[in-house]
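In case you want the letters, here they are:
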Protein chains: 2
Amino acid sequence: MFVVEGIKSVREFLDSHYKVVKIYVSQEKLFDMNTSDFELVSQKELAQMSGLHSPSPVLGVFHIPQPKKIDFEDWVLVLDDVRDPGNLGTIIRLCDWYGIKHLVCSEQTVDCYNPKVLQATMGSSTRVNIGYTDLASFLNKVDVPVFGTFMSGNSVHEESLPSKGILVMGNEAHGIGKTIADTILNKISIPQFGDQTTESLNVASATAIFLNEIRRS
Amino acid sequence: MFVVEGIKSVREFLDSHYKVVKIYVSQEKLFDMNTSDFELVSQKELAQMSGLHSPSPVLGVFHIPQPKKIDFEDWVLVLDDVRDPGNLGTIIRLCDWYGIKHLVCSEQTVDCYNPKVLQATMGSSTRVNIGYTDLASFLNKVDVPVFGTFMSGNSVHEESLPSKGILVMGNEAHGIGKTIADTILNKISIPQFGDQTTESLNVASATAIFLNEIRRS
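Residues numbered from 1 in each chain as written. Chains lettered and ligands numbered in written order. Predicted model: local features only at pLDDT ≥ 70, side-chain atom pairs only at ≥ 80, totals over all residues. Heavy atoms only, no water.

Enquirer: For this particular structure, what's the right way to read unusual backbone geometry?
Expert: Glycine aside, a negative phi is what most residues show, and trans is what most peptide bonds show. A positive phi is found at Asp81(A), a non-glycine position, where the angle reads about 65°. As for its placement among the helices and strands, Asp81(A) is situated in the loop between strand S5 (76–79) and helix H3 (85–97). (Helix = DSSP H or I, 4+ residues; strand = E, 2+ residues; numbered from the N terminus.)

Enquirer: Help me out: how do you make sense of the pattern of salt bridges in this one?
Expert: Pairs can form between side chains of opposite charge once their charged atoms are near each other. All names here are of chain A. Summed over the entire model, instances satisfying the criterion amount to 16 salt bridges over all chains. Residues Arg 127 and Glu 12 are paired through a salt bridge, measuring 3.1 Å at the closest nitrogen-oxygen approach. Pair noted here: Arg 127 is in the loop between helix H4 (115–121) and strand S7 (129–133) and Glu 12 is in helix H1 (residues 7–14), with a separation of 115 residues, a long-range link. An identical accessibility class is assigned to Arg 127 and Glu 12; each is buried. Here the salt bridges do not stand alone but share partners, grouping Lys 8, Glu 12, Asp 96 and Arg 127 into one network. (Salt bridge = Lys/Arg side-chain N within 4 Å of Asp/Glu carboxyl O. Buried < 20%, exposed > 50% of the residue type's maximum accessible area, 1.4 Å probe, protein only.)

Enquirer: Any chance you could explain the interface of chain B and chain A here in plain terms?
Expert: Many structure descriptions define interface size as the accessible area lost when the parts assemble. Listed per partner, the contact involves 32 residues of chain B and 32 residues of chain A. Summing both sides of the interface, chain B and chain A together bury roughly 3200 Å²; the carbon and sulfur share of this comes to 55%. Interface area lost by chain B to chain A is led by Trp97(B), Glu199(B) and Arg216(B), which between them contribute 25%. Its salt-bridge partner being Glu213(B), residue Arg216(A) comes within 2.8 Å of it at the nearest N-O pair. At the boundary of chain B and chain A, one finds 14 residue pairs in polar contact (both at pLDDT 80 or more). Mapped by element, the contributors of at least two residues to the side of chain B that touches chain A are helix H3 (85–97) and helix H7 (203–216) of chain B. Broken down by element, the side of chain B that touches chain A gets its largest block of residues, 7 residues, from H7(B). Per-class residue counts for the side of chain B that touches chain A are 11 nonpolar, 12 polar and 9 charged. (Contact = heavy atoms within 4.5 Å. Buried area = accessible area lost by both parts, 1.4 Å probe. Polar contact = N/O pair within 3.5 Å; in protein donor to acceptor, adjacent residues only side chain to side chain. Nonpolar A, V, L, I, M, F, W, Y, C, P; charged D, E, K, R; others polar.)

Enquirer: Hey, could you run me through the domain arrangement of chain A in this one?
Expert: Residues and elements named next belong to chain A. For chain A, the assigned domains are domain 1 (2–62) and domain 2 (76–216). The partner domain 2 presents 7 residues to the 8 residues of domain 1 that form the contact. Buried area between domain 1 and domain 2, summed over both chains or domains, comes out near 720 Å², and the portion from carbon and sulfur atoms is 59%. Where domain 1 touches domain 2, the interface holds 1 salt bridge. Our enumeration of links across domain 1 and domain 2 arrives at 3 residue pairs in polar contact (both at pLDDT 80 or more). Elements represented by at least two residues in the side of domain 1 that touches domain 2 include exactly strand S1 (2–5) and H1. Looking at the side of domain 1 that touches domain 2 residue by residue, the classes come out as 5 nonpolar, 2 polar and 1 charged. (Domains from an automatic or database assignment.)

Here it is as structure tokens:
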């Protein structure tokens, strides 16, 4: 199970395929409370349940769903050990914007039900199918082209990207791990136009650019 | 003046055109301390100066430089009230990556010398000229094409972008303010491929995509 806080986010999850365990509400008028899904609690009780400094008047508990079967007829995004909750949240929001339905994460990637991740997704979590798995064996089994992002890869501006495939993004500090990297045949990069001493781009910025390139081509 | 913490960031500022006021160091061997720019202090003194929970062994104080004259022969990025330090830091890093030399911020945009901004820029601040001004009068005076990002704008995938111009990005919650919006003739957007209920993209993600589009065209 996982916790969702905030009226807008709780409504998004209630309106989605997620199954509710219980919604705790401190102000009765916020929802149609006619089902057993809801329970009226005091503000003090809500504050005790909440992980926020300023608790919202609603806190929802939902079941973590089984990941759906992946449809390889469109692009699938894969994350190798993305650790920052804000980055994962932004990436889920980007998947939703670009209609990427499936996100596959390595087992060391930050939990997508972490409250900071949910906060950064702005409700997009309800529309992206997210699973965690051993990436080496996952990538070993797929039969669509696998693209990975590397500083030394070919410029994505000069690539002709197919209509389906897998895009692998790496860890914030170390990029894509060596075991995984060795299995990736299509190494791509975002060309740099500034001073050569520039740090690499943030993984969420890079994902934004690659997903845009995938959809525009 | 402003404060920079962390060995890597302090070195980047020391190697740049920024003028140093003083570098406080708790471990002598970290720098060549032969000039009066350096002062050896105890770890306790450094902890008292630092804004971090785990202070770095070095803290630098630098002069805020005068903004340089803007070169309108290339693209210039303009921010209308970007408030989140992480977003501004990421945007400065993107400017550095894409060789955007000039960033013009509205007076309500978060301070680019805010420690959280400097932390997110990863040293890119030293290579981007950043100024704060009244945007309405700034945009009134320029004679290059002005592009602004709006949900209802034309798809950037179908625009033929010129080799120079101004790109205006708006506030996280409200986008570009009405007074400014009325003066922008070229309204552009990032096409959405997912579910129509998706929130807009984060301003840093959107900036990543637009700067990539500017440089690829």
